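# An overview of the molecular structure
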Amino acid sequence: MDLSNISYTQFCAIIGFFGLIVGSFLNVIIYRLPIMYVRQLKAEMPGERNELDNNRGATSALTLSTPRSTCPTCNTALRIRDNVPLLSWVALKGKCAHCDTPISARYPAVELLTSILSLFLAIQFGSTLTTIALLLFTFLLISLAFIAIDGQRIPTALTQMLLWAGLFSSVYEIGLVEIKMSIIGALAGGLGAALLWHIKKHCSYGVKLKDLIPVMVGLGATLGPSALAAVSLVSVTLHFCVHIAAADRFYHAKHNPNVYVTLVCIVSYSSIYAL
Ligand SMILES: [Zn+2]
């Protein structure tokens, strides 16, 4: 397709639709990748079963593409027309087509969020390679944030992609910072998070806080050290606000490092527009 001949409205419509499709795939990643990751950890470290056993999910073989998506209640495989991003959920009034079980509004919300953020990026950075690099960054952050919200382990595959995407976009000068700043940012993120983990590792959430280290390495590579420092400062402040606001009413938010990972992802994303 010759992009130079399409109107602005058509361009936005294409990006918006692309965002919905990707959002639908991110829903699959958010649900399945942590299950696959924990299964892999269990296979590699049988001695750590107890720590890993709090994971959800079925016991059958699972990849990102198989088995087909099914209704968790009646187990019916979704037809293509029941699986169209956003539209199917609206058409079915948020219920399974077979058993009328309500389907979480989070699925269309993730699709809509991905679509809107993709549109913002495309409008702000135009048809450039930077847009593609930042789209990948955005998709990774959405996945990481929702996996953290679910209280699941952060899969290494996602944080490694974050790191490599940050480094490669800097090497090819399509990222937010130059390569020197990217490397310093990755080192600063890793050392800072490792220090925090070392201080907190005797607390109840020390193990999960370890998951923050690769996230911060990847973010540092993408954002550079100064933006990463700003992100950390804002996130820590918000984290304490969540602590105070949540107190004991909100489910163990008080000891939940995932609140922090989620905030880090959201603030990092916002910093794209500040840079
Ligand atoms: Zn059903």
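Residues numbered from 1 in each chain as written. Predicted model: local features only at pLDDT ≥ 70, side-chain atom pairs only at ≥ 80, totals over all residues.

### Description of the overall build of the protein
For clarity, the cut-off: Numbering goes from the N terminus for both helices and strands, where a helix is a DSSP run of H or I of at least four residues and a strand is a run of E of at least two. Residues with at least 20 other C-beta atoms within 10 Å of their own are called buried, those with 12 or fewer are called exposed, and the rest are partly exposed. The C-beta atoms themselves are positioned from the backbone. Contacts are defined on C-beta atoms placed from the backbone: any two residues whose C-beta positions lie within 7 Å are in contact.
Counting its secondary structure elements, the protein contains 10 helices and 0 strands. In the protein, the succession of helices and strands from N to C terminus is α-α-α-α-α-α-α-α-α-α. Counting only residues that meet the buried cut, the protein has 36% of its 275 residues in that class. Taking contacts inside the protein between residues at least 6 apart in sequence as the whole, the part at least 24 apart equals 67%.

### A few points about unusual backbone geometry
Looking along the chain, the bond that leaves Thr66 and enters Pro67 is cis, with omega of -10 degrees. Positionally, Pro67 belongs in the loop between helix H2 (49–52) and helix H3 (87–91). A positive phi angle is found at Asn75, which is not glycine, with a value near 65 degrees. Inspection of the secondary structure puts Asn75 in the loop between H2 and H3. Even without glycine at this site, Lys93 takes up a positive phi of about 55 degrees. Residue position: Lys93 is located in the loop between H3 and helix H4 (106–125).

### Some details on helix H1 (residues 8–44)
We apply this condition: Expected helix span is computed as 1.5 Å times (number of residues minus one). At any given residue, the bend is defined as the angle formed between two axes, one fitted to the seven residues that end at that position and one fitted to the seven that begin there.
Across its 37 residues, H1 extends 51 Å between first and last C-alpha, which sits within 8% of the 54 Å expected from 1.5 Å per residue. Of all the bends found along H1, the most pronounced is centred on Arg32 and spans about 35 degrees, while Pro34, a proline, follows it within four residues.

### Topic: helix H7 (residues 179–200)
An ideal rise of 1.5 Å per residue puts 32 Å on 22 residues; H7 measures up with 31 Å between its terminal C-alpha atoms. Along H7, the positions that sit buried rather than exposed are Met181, Ser182, Gly185, Ala186, Ala188, Gly189 and Ala193.

### Some points on the packing of H4 against helix H5 (residues 129–149)
When two helices pack together, their arrangement is given by the angle between the helix axes and the distance between those axes. In plain terms, the rule: Here an angle of 0 to 180 degrees is reported between the N-to-C directions of two axes, which are lines fitted to C-alpha atoms, with helices fitted over the stretch in contact. Should an angle lie under 35 degrees it is considered roughly parallel, over 145 roughly antiparallel, and from 65 to 115 roughly perpendicular; all remaining angles are considered oblique. A clockwise turn of the near helix away from the far one marks a right-handed crossing, whereas an anticlockwise turn of less than a right angle marks a left-handed crossing. Here the term charged refers only to Asp, Glu, Lys and Arg, the term nonpolar to Ala, Val, Leu, Ile, Met, Phe, Trp, Tyr, Cys and Pro, and the term polar to all other amino acids, Gly among them.
Where H4 contacts H5, the axes come no closer than 10 Å and their chain directions differ by 155 degrees. One element, H4, and the other, H5, form an angle in the roughly antiparallel class. You can see that H4 and H5 cross each other, and the crossing is right-handed. For the pair formed by H4 and H5, the contact residues are Val110, Leu113, Thr114, Leu117, Ser118, Leu121, Ala122 and Phe125 on the first element and Thr130, Thr131, Leu134, Leu135, Thr138, Phe139, Ile142 and Phe146 on the second. Grouping the amino acids of the contact of H4 with H5 by side-chain chemistry returns 11 nonpolar, 5 polar and no charged.

### Side note on the UniProt feature "transmembrane region" (unreviewed entry) in the protein
Worth spelling out the cut-off: UniProt positions are given in the numbering used here, feature names are shortened, and annotations may be inferred rather than shown by experiment.
Within this numbering scheme, the UniProt entry marks residues 6–30, 132–149, 161–177, 183–200, 212–245 and 257–274 as carrying the feature "transmembrane region" (unreviewed entry). Secondary structure within residues 6–30 divides into 92% helix and 0% strand; the distance between the first and last C-alpha atoms comes to 34 Å. The annotated region residues 161–177 carries 65% helix and 0% strand content, and the separation between its end C-alpha atoms amounts to 17 Å.

### Comments concerning the environment of Val242
Position of Val242 among the secondary structure elements: in helix H9 (residues 212–246). Spatially, the C-alpha atoms of Val242 and Val259 are 8.1 Å apart, while their sequence positions differ by 17 residues.

### Observations concerning the packing of H5 against helix H6 (residues 156–171)
At a minimum axis distance of 10 Å, the contact between H5 and H6 shows a crossing angle of 160 degrees. It follows from the interaxial angle that H5 and H6 lie roughly antiparallel. Two packed elements cross with a definite hand, and for H5 against H6 that hand is left-handed. Counting all contacts with H5, which are made through Ala133, Leu136, Phe137, Leu140, Ser143 and Leu144, the residues of H6 involved are Leu158, Met161, Leu162, Ala165 and Ser169. By residue class, the composition of the contact of H5 with H6 is 9 nonpolar, 2 polar and no charged.

### Examining the nonpolar core
Heads up, the rule is: When buried Ala, Val, Leu, Ile, Met, Phe, Trp, Tyr and Cys residues are joined through C-beta atoms within 7 Å, the set is termed a nonpolar core. Residue ranges assigned to each domain were obtained from an automatic or database domain assignment.
Ranked by internal contacts, the top residues of the largest apolar core, which has 59 residues, are Leu140, Leu144, Leu212, Val215, Leu219, Val261 and Val264. Those elements that provide at least two residues to this core are H1, H4, H5, H6, H7, H9 and helix H10 (257–274). Per-element accounting of this core gives the leading share, 13 residues, to H5. Residue-level mapping places this core at the junction of two domains, with at least three residues from each of domain 1 (1–153) and domain 2 (156–274). In this structure, Leu219 is in contact with Leu162, Gly189, Leu228, Val231, Val264 and Ser268, ignoring residues within four places of it in sequence.

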